[in-house]
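# Per-entry structural report
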Amino acid sequence: MASSPIHSPQAEPERRALPDYMPARMINEFVYCPRLFYYEQVEGLFAHSADTIEGEAQHKRVDKEGKDLPPAEELEEEEIRTRSLMLASDRHRVIAKMDLLEVADGAVTPVDYKHGRPRETDQGIELWSTDRIQLAVQGLILRDNGYRSDEGMVFYQKTRQRVRVEFTVKLMTETLETISRAWETAASEQIPAPLVDSPKCTRCSLVGICLPEETHRLRGERPEAAPQLTLFDETRNDRLKKPPGRETRLLVTPRTDLRPLYLNSQGLRVGKSGAVLRIKEKDTVRQDVRIGELCQVNLMGNIQMSTQAVQELCSSEVPICYFSRGGWFYGITTGLNTKNVFLRRSQFRLAEQEWYCLRLARRLTAGKIRNQRTMLLRNHVEPDKRVLRELKEMAGRAERADSLEELLGIEGNAARLYFGSFAGMIKMEPEDGATDAFSFDFQRRNRRPPRDAVNALLSLGYSLLTKDFTIACYAVGFDPLMGFYHQPRQGRPALALDLMEPFRPLVADSAALSAMNTKMVTPKDFIRAGRAVALRAEGRKAFFRAYELRMDTLVTHPLFDYRVSYRRLLEIQARLLARHIEGEVEEYPVFVTR
Ligand code: SF4
């Protein structure tokens, strides 16, 4: 494990099983970037980019299995071409699926298909270093199987050119050294550092997982004197203290093009037809939605989904989230969560450490209180100076709390102050559209069940936010049930609840306020059942719109200075927590808005 203080040097070394063989494709990745190799080979992570999708489609066309290669001693006179042959070297523990093998004059030449173009130099065209080593691995495997292999070729599909490389002693020695370094890296407990300022990162399919710029910024450019990453400088009116250095390049798109689907009308049935979800009410088709355009599907209440639709969503990595009709989030279906087992092991180890739970909980709670204060400062019709001052003090006390119990007390007091002023942020007059039963006249926070309209909106907002952080936890490889501040309890996504603390005011409260203040939701949209107040179907639909508008809002990250949507930010924060838990960055940078 890394040398970060969160991992004790006395901790037992991790045990991890290495595979029998290393694919030649992985040696190519290792040459491109050892960190990319580690993600794919060790942690089992993969993400498609435009390049990989194009490459895969083109490979399918050449991936037709051919006949076996005859034994080496029978090759003399034959001229053979065979495709898609898998061979391994037991000596070097490498394996390759060879796109095409051409046999002539007793020698076997591997031909690899690449979807891109060759490297252009002053001397002409040549192989990329990644491709050269990958071919040399194939040559090595052929030689270990008794064949003569003197050269290899890559066919670059974009320019439809073949480029040769001779398997010289120098190249084969370099290849053996590379294989050996790749095995060492795979056995290591430490992920290699991200590349620095590399143009490779802009083309890398894992850039959104790796966060190279952010990781460097949090690791290497922090002031030496600061023992912890302090987001607020209390002496300068809560202005953020950023690590010095240049601005962070935003290498991921600020927003995702994929959208969530909310199905809210009771009795809907969802099936699959080709690549679309077909949504029916009785026998009438209400909507067709392309699965490739979705990032999640939310089923509110009694909505049926066919097994075929569930299978397709699982294999497309689109989570399905289940809510009660009233908006209680109670389940999620995802594909097999088989990746990143080492992260979960670190998560479970640290969750057992009381000192670590307190250290993280302090920061999360202080962040939430600061964000609550900013909400009042920005949105209250006449912010109460005493409340602002006390919230500021409480954020400071939260950072120094001696126990989780003390922290809970501080958090509760801050919540009372904040919600005590919450009505001042509702700028819709109580009589606007009010019925005898409902108004937006907020008194205090209540829940389970919410007993007034504002609390019904807040509860639904927190439920949606829990769902979104649960999805982010799964995407990163965490177990969402094992938290640090929120203790594990049957069926409670404790880690999602931890991560969402600073975002409650910024996303859920903000969505509720804008739904009320812009009259997207009015008091007529509520219904009472016993003591509980809930939204009608139309009101829920309007609130989903308000919530998604908030999630789509671009916000400036205070540490990295780039603008991303809240939806993107949630995943970035979950990934930064992973960086911290795996020991790559010393502190989890809690998101606190300016
Ligand atoms: S983003 Fe850059 S550093 Fe990270 S894995 Fe990709 S190439 Fe390597």
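Everything discussed here concerns the structure shown above.
Summarised in this report is the structure supplied together with it.

### A few points about the sheet that holds strand 13 (residues 276–281)
The strand order across the open sheet built from four strands is 14-13-12-16, with neighbouring strands paired in mixed fashion. In this open sheet, the two strands that pair with only one neighbour each are strand 14 (284–290) and strand 16 (304–305). Looking at chain direction, strand 13 and strand 14 are connected through six bridges and run antiparallel. Counted as the bridge partner of Lys280 is Val285 from strand 14.

### Here we look at the site of the ligand
Around the ligand sit Cys33, Leu36, Pro194, Leu195, Cys201, Cys204, Val207, Cys210 and Pro212, and those are all the residues in its vicinity. Residue composition of the shell around the ligand, by class: nine nonpolar, no polar and no charged.

### Details of the state of the cysteines
For the coordinates displayed, the defined rule picks out zero disulfides. Summary of cysteine pairing: Cys295 is not part of a disulfide, and the nearest cysteine sulfur, belonging to Cys321, is at 9.3 Å.

### A closer look at the packing of aromatic side chains
Evaluated as defined, the whole model comprises 12 aromatic pairs. Judged by centre distance (5.5 Å) and plane angle (55 degrees), the ring pair of Phe469 and Phe503 falls under tilted. One end of the pair, Phe469, is in helix 14 (residues 453–476); the other, Phe503, is in helix 16 (residues 503–517), with 34 residues separating them in the sequence. What makes Phe469 buried here is its relative accessible area of 0%. For Phe503, a relative accessible area of 0% gives the class buried. The rings of Phe469, Phe503, Tyr566 and Phe591 are connected pair by pair, giving a single aromatic cluster.

### Some thoughts on the pattern of salt bridges
Applying the stated criterion across every chain yields a total of 26 salt bridges. Between Asp144 and Arg91 there is a salt bridge whose closest N-O contact spans 2.9 Å. Of this pair, Asp144 sits in helix 4 (residues 129–144) while Arg91 sits in the loop between strand 2 (80–89) and strand 3 (94–104), and the two are 53 residues apart along the sequence. Glu102 is paired through a salt bridge with Arg162; the nearest N and O atoms lie 2.9 Å apart. In this pair, Glu102 sits in strand 3 while Arg162 sits in strand 8 (residues 161–166), placing the two residues 60 residues apart along the sequence. Relative accessible area serves as the criterion here: at 17%, Glu102 is assigned to the buried category. Several salt bridges share partner residues, and in doing so they unite Arg35, Arg219, Arg579 and Glu584 into one network.

### What about the pairing of strand 12 (residues 268–273)?
Here six bridges tie strand 12 to strand 13, and the two strands are oriented antiparallel to one another. Paired with Leu268 across the bridge in strand 13 is Glu281. Hairpin connection of strand 12 to strand 13: two residues between the antiparallel strands, including Gly274 at a positive phi of 60 degrees.

### With respect to the environment of Gln190
Its location among the elements puts Gln190 in the loop between helix 5 (169–187) and helix 6 (200–203). The exposure class assigned to Gln190 is partly exposed, which follows from its relative accessible area of 30%. C-alpha of Gln190 to C-alpha of Tyr38: the two residues are 152 residues apart in sequence and 9.2 Å apart in space.

### What about the packing of helix 11 (residues 354–379) against helix 12 (residues 385–400)?
Orientation of helix 11 relative to helix 12, taken along the N-to-C sense of each, is 170 degrees, at an axis distance of 8 Å. As far as their axial angle goes, helix 12 and helix 11 are roughly antiparallel. Contacts between helix 11 and helix 12 pair Arg362, Thr365, Ala366, Ile369, Arg370, Arg373, Leu376 and Leu377 from the former with Val387, Leu388, Leu391, Lys392, Met394, Ala395, Gly396, Ala398, Glu399 and Arg400 from the latter. Partitioning the contact of helix 11 with helix 12 into residue classes produces 10 nonpolar, two polar and six charged.

### Topic: the environment of Val94
Within the fold, Val94 resides in strand 3. The class of Val94 is buried, set by a relative accessible area of 0%. When the C-alpha atoms of Val94 and Ile141 are compared, they prove to be 7.3 Å apart, with 47 residues separating the residues in sequence.

Conventions adopted
The residue numbering used here restarts from 1 in each chain and proceeds along that chain's sequence as written. In view of the model being predicted, local features appear only for residues whose pLDDT reaches at least 70, and side-chain atom pairs are presented and counted only at 80 or more, with totals across whole chains, interfaces and linings using the full set of residues. Computation of side-chain values: all heavy atoms of the structure, hydrogens and water removed. Paired strands, in this sense, are two strands between which DSSP finds at least two bridges. Working definition: helices are DSSP H or I runs of at least four residues, strands are E runs of at least two. Numbering for both runs from the N terminus. Any residue with at least one heavy atom within 4 Å of a molecule or strand is counted as near it. Charged residues are taken to be Asp, Glu, Lys and Arg, nonpolar residues to be Ala, Val, Leu, Ile, Met, Phe, Trp, Tyr, Cys and Pro, and polar residues to be all remaining types, Gly included. We call a pair of cysteine sulfur atoms a disulfide whenever their separation is within 2.5 Å. What counts as a ring pair is set by centres within 6.5 Å for rings of Phe, Tyr and Trp (its six-membered ring), and what kind of pair is set by the plane angle: stacked under 30 degrees, edge-to-face over 60, tilted for all other angles. Exposure classes here rest on a 1.4 Å probe applied to the protein chains alone. A residue is buried below 20% of its type maximum, exposed above 50%, and partly exposed in between. Here, a salt bridge means any Lys or Arg side-chain nitrogen found within 4 Å of an Asp or Glu carboxyl oxygen. For helices, the axis comes from a line fit to the C-alpha atoms of the stretch in contact; other axes are also lines fit to C-alpha atoms, and the angle between any two N-to-C directions lies between 0 and 180 degrees. What sets the label is the angle itself: under 35 degrees gives roughly parallel, over 145 gives roughly antiparallel, 65 to 115 gives roughly perpendicular, and the rest give oblique. It only takes one pair of heavy atoms within 4.5 Å for two residues to be counted as in contact.

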